[in-house]
Every structure is written in structure tokens, then in C-alpha cells.
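# Structural overview
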Amino acid sequence: MPVNEKEYNGNLFDQLTILDDLQEVAEKEQAEETLKVIAKKRKQIERKLYQKPPLVNND
């Protein structure tokens, strides 16, 4: 389990790297269904990685 945000983000980047590798193989094999799943997973990971929730309300 990640201890801090930096470690958590590192894990998410590792997952994106794995998806890149899988996508490369799926493209060579023209595996359209696999490419769709990879795209879906990439969006899910990027949503976690690039979210910017307000930590403090400065109103």
C-alpha cells in the first residue's frame, strides 16, 4: 500500500507503462477488443493520476 501521494502516483505511472507495453502487442496482433479495454483502463488510471480535488476551501 502506498505511503504517500508521490508513491501512489509512481504506482499509477507504472500501470500506464504496463498498458503501453500491452498496447504495443495488441496493435501488432490487431486485437481490437483488447485495445478497447486498454483504452478504458488508461482513462481510469489517468483520472486517478490527474485529479485535482480541492484540499482546502479558500473562500
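Our subject in this report is the structure included herewith. (Residues numbered from 1 in each chain as written. Predicted model: local features only at pLDDT ≥ 70, side-chain atom pairs only at ≥ 80, totals over all residues. Heavy atoms only, no water.)

A few words on helix H1 (residues 5-28). The end-to-end C-alpha distance of H1, which contains 24 residues, comes to 35 Å, matching closely the 34 Å that a straight helix rising 1.5 Å per residue would cover. Here the buried face of H1 lies against helix H2 (32-49). For H1, the N-terminal capping position is held by Asn4, with its side-chain oxygen 3.1 Å away from the main-chain nitrogen of Lys6. At the exit of H1 stands Gln30, carrying a positive phi of roughly 55 degrees. (Helix = DSSP H or I, 4+ residues; strand = E, 2+ residues; numbered from the N terminus. Expected span 1.5 Å × (residues − 1). Contact = heavy atoms within 4.5 Å. Polar contact = N/O pair within 3.5 Å; in protein donor to acceptor, adjacent residues only side chain to side chain.)

All right, on to a positive patch on the surface then. Together, Lys40, Lys41, Arg47 and Lys48 give the surface a local cluster of positive charge. By the secondary structure assignment, Lys40 is in helix H2. For Lys40, a relative accessible area of 52% translates into the label exposed. (Patch = residues over 30% accessible without salt bridge, like charges linked within 9 Å, V, L, I, M, F, W, Y side chains within 5 Å. Areas by Shrake-Rupley, 256 points an atom, 1.4 Å probe, with all protein chains shown as cover. Salt bridge = Lys/Arg side-chain N within 4 Å of Asp/Glu carboxyl O. Lys, Arg positive; Asp, Glu negative; His and termini not counted. Charge placed at Lys NZ, Arg CZ, Asp CG, Glu CD. Buried < 20%, exposed > 50% of the residue type's maximum accessible area, 1.4 Å probe, protein only.)

With that settled, the discussion passes to H2. An α-helical turn contains 3.6 residues, so a residue and the one three or four places further along point in the same direction. A rise of 1.5 Å per residue sets the reference length of H2, with its 18 residues, at 26 Å; its end C-alpha atoms lie 25 Å apart and thus fit the reference within 8%. Every buried residue of H2 is accounted for by Leu35, Ile38, Arg42, Ile45 and Leu49. One side of H2 carries all its buried residues, which in axial view fall inside an arc of 90 degrees. Facing away from the buried surface of H2 by more than 90 degrees, the exposed residues are Glu33, Lys36, Lys40, Lys43 and Arg47. (Arc of directions from axis to C-beta.)

Enumeration according to the criterion identifies 3 salt bridges in this entry. A salt bridge links Asp20 to Arg42, with the shortest nitrogen-to-oxygen separation between them at 3.1 Å. Separated by 22 residues along the polypeptide, Asp20 in helix H1 and Arg42 in helix H2 bring together distant segments of the chain. Given a relative accessible area of 39%, Asp20 falls into the partly exposed group. The residue Glu33 makes a salt bridge to Lys36 at a minimum N-O spacing of 3.6 Å.

In this section: the environment of Leu35. For Leu35, the location among the structural elements is in helix H2. For Leu35 and Glu24, which are 11 residues apart along the polypeptide, the C-alpha to C-alpha distance reads 9.4 Å. Contacts of Leu35, omitting those with residues within four sequence positions, involve Gln23, Ala26 and Glu27.

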